[in-house]
Amino acid sequence: MSEAVSEIGLIGLAVMGQNLALNIADHGFKISVYNRTTSKMEEFVAANPDTPGGLVGCETLEGFVASLKRPRKVIILVQAGAATDKVIEGLIPLMEEGDIIIDGGNAKWDDTIRREKELTAKGLRFIGSGVSGGEEGARFGPSLMPGGTEEAWQYLKPVWEAIAAKVDPDTGKPLEGAEPGKPVEGGFSCTTYIGPDGAGHYVKMVHNGIEYGDMQMICEAYDLMQNVLGLTPSEMGDIFGEWNKGDLDSFLIEITADILKQADPVTGKPFVDIVLDTAGQKGTGKWTSVNALDMGTPAPTVAEAVFARCLSAVKEERVAAETILTGPDAPEFTGDKTEMVEAIRQALYCSKICSYAQGFQLMREAQKEYNWTLDFGKIAQIFRGGCIIRAAFLQKITEAYARDPELANLLLDPYFKGAIDACQASWRKVVALAAQYGVSIPTFSSALSYYDGYRTARLPQNLLQAQRDYFGAHTYERVDQPRGQFYHIDWPKPDRPQIEA
Ligand code: NBP
């Protein structure tokens, strides 16, 4: 039996596991590593002999567990689902009461709730932690969203706080020096205890859903500038670069500017023009949308972003349909292009506000459903650094929840109300322009519909409920009676009084 030397251990040495292990070791923690295929572990340990904390390569799971100080902390970074269950099954007989398993994969939050229950019953502790920021984040500072008991969190906290991205606690800006290869100390660490059982993975899922929305919105802005205004990728790269200096300052806008400036190494053409227009997905956007439907909470913009990827995937059908189906006979754009580019920027900003409002509404509903107490201001703050949706804008969300922790909807916060008041004329102009030119903008237009629906005291669902009562006796409530009293009339009745013409 080997000696217990390591502070923490990690199982699963693919992209995320290797990078997170190096990040942990860089912060002075000795870490044991294990992988199903031993050669991958050996290569990894051999390639990184001089980390400050040190890597301890383990060939067997037994040796791996024995190399950890108690209470043992084991991070799992393998595929979500069956692979995660299999690894946990292997660990259970080797671990002892009070030991902690931390699932850093993209687990579905209800799997995390189940696993936490099962492991608690066996005397083990379980933390389901969202890890955001991809490979780069894992290596140099991710955003970390841990869920589980607060007691278990106390054991993980020193490691998670050390390795997470750091932002200025007042401005929320990523700290100087928080760059690849330069671990920084001080500042607000982009991790916070999220809540019990599946709360961390739930918040990570919503983060990913918001990410789907952000990416699709950027694509719609690009599509309008390309297909209505006739701008080149390089010109659009400059525009996104400019946008990154203002309200839209964010990682995704920044990388979009880079991408649009990139030449294809093979042909020299704009790189973006040689990439096939079919997008893949791994499922977290779908989970977010399905969960929104399950809870009856409107999140149409995230759902449209998922469907947009689905529509992109039926490439052959679209190619055939383009030769059959017609669009509008739109004239060449002769307006002021600079003005329209600014209108598109404003439309993007308004749509983004609505998409985030929907994401935070989802978390608000989920906390009721699962009996969590989420701190939305802190959640927005830990998204400021390390993760894919990191953006200056998130500071405004933190400030909104500081002004009113019970805020019903971000749209009602004075800052966001002001932003939409200032930009909505452009937003409407852009949505109308897209319809006129036949450009598909599902997130811009669904966000506008969400906004218009949310601000409308009387929607047309009075008629819908009457239809339901007509064909299914589903009853209706009356505007002149208290809520919760239900009525029904028999349909159709030829002798019932009709409205006079
Ligand atoms: P993968 O999700 O591709 O996981 C593969 C790794 O798990 C391999 O090293 C594999 O070993 C190991 N593994 C072990 Br140990 N036991 C396994 C088993 N029973 N079945 C299958 N694999 C097993 O790695 P990843 O892309 O680094 O992602 C890790 C987790 O992090 C996932 O849950 C992912 O969703 C999440 N995540 C990924 C990203 C990202 O940008 N990639 C971002 C955020 C979160 P082997 O060498 O023997 O095959």
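Residues numbered from 1 in each chain as written. Predicted model: local features only at pLDDT ≥ 70, side-chain atom pairs only at ≥ 80, totals over all residues. Heavy atoms only, no water.

Next up on the list: the overall build of the chain. Across its full length, the chain holds 20 helices and nine strands. Against the globule reference of 23 Å for 501 residues, the chain gives a C-alpha radius of gyration of 26 Å, in line with a compact fold. Taking the principal axes of the C-alpha coordinates as reference, the chain spans close to 90 × 65 × 50 Å. In the chain, buried positions account for 49% of the 501 residues. The contacts in the chain between residues at least 6 apart in sequence include a share of 69% that link residues at least 24 apart. With an accessible surface of roughly 24000 Å², the chain has 53% of that area assigned to carbon and sulfur atoms. When the 48 positive and 68 negative side-chain charges of the chain are each reduced to one mean point, those points stand 2 Å apart. (Helix = DSSP H or I, 4+ residues; strand = E, 2+ residues; numbered from the N terminus. Rg over C-alpha atoms; globule rule 2.2 N^0.38 Å. Buried < 20%, exposed > 50% of the residue type's maximum accessible area, 1.4 Å probe, protein only. Contact = heavy atoms within 4.5 Å. Areas by Shrake-Rupley, 256 points an atom, 1.4 Å probe, with all protein chains shown as cover. Lys, Arg positive; Asp, Glu negative; His and termini not counted. Charge placed at Lys NZ, Arg CZ, Asp CG, Glu CD.)

What follows covers a nonpolar patch on the surface. Among the surface-exposed residues, Ile259, Phe271, Ile274 and Val275 lie close enough to one another that they form a single nonpolar patch of about 300 Å² accessible area. Structurally, Val275 can be placed in the loop between helix H11 (271-274) and helix H12 (284-295). (Patch = residues over 30% accessible without salt bridge, like charges linked within 9 Å, V, L, I, M, F, W, Y side chains within 5 Å. Salt bridge = Lys/Arg side-chain N within 4 Å of Asp/Glu carboxyl O.)

For the rest of this paragraph, the subject is the environment of Ile88. With respect to the helices and strands, Ile88 occurs in helix H4 (residues 82-91). The exposure class of Ile88 is buried, given its relative accessible area of 6%. Separated by 12 residues in the primary sequence, Ile88 and Ile100 have C-alpha atoms spaced 11 Å apart.

One pass over the structure, following the stated rule, counts 27 salt bridges. Between Arg70 and Glu96 there is a salt bridge, with its nearest N and O atoms 3.6 Å apart. Here Glu96 lies in the loop between H4 and strand E5 (100-103) and Arg70 lies in the loop between helix H3 (61-66) and strand E4 (73-76), a separation of 26 residues in the sequence. Taking the shortest distance from any N to any O, the salt bridge between Lys108 and Asp110 comes out at 3.3 Å. Overall, Lys108 belongs to the partly exposed group, its relative accessible area being 24%. Each of Asp85, Asp103, Asp111, Arg114, Arg115 and Glu118 takes part in salt bridges that share partners, so that together they form one network.

Attention shifts here to the pairing of strand E1 (residues 8-11). Taking every second residue as pointing to the same face, both faces of E1 are buried, with Ile8 and Leu10 on one and Gly9 and Ile11 on the other. With four bridges connecting them, E1 and strand E2 (residues 31-34) associate as parallel partners. Bridged to Ile11 within E2 is Tyr34. Between the parallel pair E1 and E2, the chain is carried across by helix H1 (residues 15-26), and the sense of this crossover is right-handed. Pairing analysis gives three bridges linking E1 to E4, with the strands arranged parallel. Each bridged residue has a counterpart across the sheet, and for Leu10 the counterpart in E4 is Ile75. (Pairing = 2+ DSSP bridges. Right-handed = clockwise from strand over helix to strand, strands pointing away.)

It is worth spelling out the sheet that holds strand E3 (residues 55-58) at this point. Within the open sheet, the seven strands sit side by side as E3-E2-E1-E4-E5-E6-E7. Their pairing is mixed. The open sheet is flanked by E3 and strand E7 (143-147), the only strands paired with a single partner. Direction aside, neighbouring strands of the sheet carry axes that sit 25 degrees apart on average. With four bridges joining them, E2 and E3 adopt parallel strand pairing. Bridge pairing in E3 links Val33 to Gly57. Sheet strands touched by H4: E1, E4, E5 and strand E6 (125-132). Its angle to E4, the strand with the most contacts, is close to 160 degrees. Set on the sheet, helix H7 (residues 150-163) makes contact with E1, E4, E5, E6 and E7; between it and E6 the angle comes to about 25 degrees. (Axes fitted to C-alpha atoms, helices over the stretch in contact; angles between N-to-C directions.)

We now examine the site of the ligand. Close to the ligand lie 20 residues; Met16, Asn35, Thr37, Lys40 and Val78 are nearest. In this structure, Arg36 approaches the ligand through a side-chain N or O atom, which is 2.9 Å from an oxygen atom. One of the backbone N or O atoms of Asn106 is found 3.0 Å from an oxygen atom in the ligand. By residue class, the composition of the shell around the ligand is 11 nonpolar, seven polar and two charged. (Near = heavy atom within 4 Å. Polar contact = N/O pair within 3.5 Å; in protein donor to acceptor, adjacent residues only side chain to side chain. Nonpolar A, V, L, I, M, F, W, Y, C, P; charged D, E, K, R; others polar.)

Time to look at the side chain of His207. Tracing the backbone shows His207 in helix H8 (residues 199-227). In this view, His207 contacts Ser132, Phe383, Cys387, Ile388 and Ile389; residues no more than four positions away in its chain are not counted.

This paragraph deals with the packing of H8 against helix H9 (residues 233-243). Following both chains from N to C, one finds H8 and H9 inclined at 135 degrees, their axes separated by 11 Å at the closest point. Classified by the angle between their axes, H8 and H9 sit oblique to one another. Considering the relative orientation of H8 and H9, their crossing is right-handed. Contact with H8, carried on its side by Ile218, Ala221, Tyr222, Met225 and Gln226, involves Met236, Ile239, Phe240 and Trp243 of H9 and no other residues of that element. Among the residues forming the contact of H8 with H9, the class breakdown is eight nonpolar, one polar and no charged. (Parallel < 35°, antiparallel > 145°, perpendicular 65-115°, else oblique. Left-handed = near helix turned anticlockwise from the far one by under 90°.)

Under the definition given, this model contains zero disulfides. We note that Cys423 lacks a disulfide partner, and the nearest cysteine sulfur, in Cys350, lies 4.7 Å from it. Classification of Cys423 by relative accessible area gives buried; the value is 10%. (Disulfide = S-S within 2.5 Å.)

Aromatic ring pairs are reported here in terms of the distance separating the ring centres and the angle at which the planes meet. With the rule as written, the count across this model stands at 17 aromatic pairs. A centroid spacing of 6.3 Å and a plane angle of 75 degrees characterise the contact between Trp109 and Tyr370, whose relative ring orientation is edge-to-face. Of the two residues, Trp109 sits in helix H5 (residues 109-121) while Tyr370 sits in helix H15 (residues 337-370), which places them 261 residues apart along the sequence. Summarising the aromatic geometry, the rings of Tyr349 and Phe393 are spaced 5.8 Å apart at their centres and angled 75 degrees between planes, so their arrangement reads as edge-to-face. Separated by 44 residues along the polypeptide, Tyr349 in helix H15 and Phe393 in helix H17 (residues 393-403) bring together distant segments of the chain. No difference in accessibility class separates Tyr349 from Phe393, as the two residues are buried. Taken together through their ring pairs, the aromatic side chains of Tyr349, Tyr356, Phe393, Tyr415 and Phe416 make up a single cluster. The ring of Tyr212 is capped by Arg309, whose NZ or CZ atom sits 3.7 Å from the centre of that ring. (Phe/Tyr/Trp six-rings, centres within 6.5 Å; stacked < 30°, edge-to-face > 60°. Lys NZ or Arg CZ within 6 Å of the ring centre and 35° of its normal.)

That's the geometry; what it means functionally is another story.
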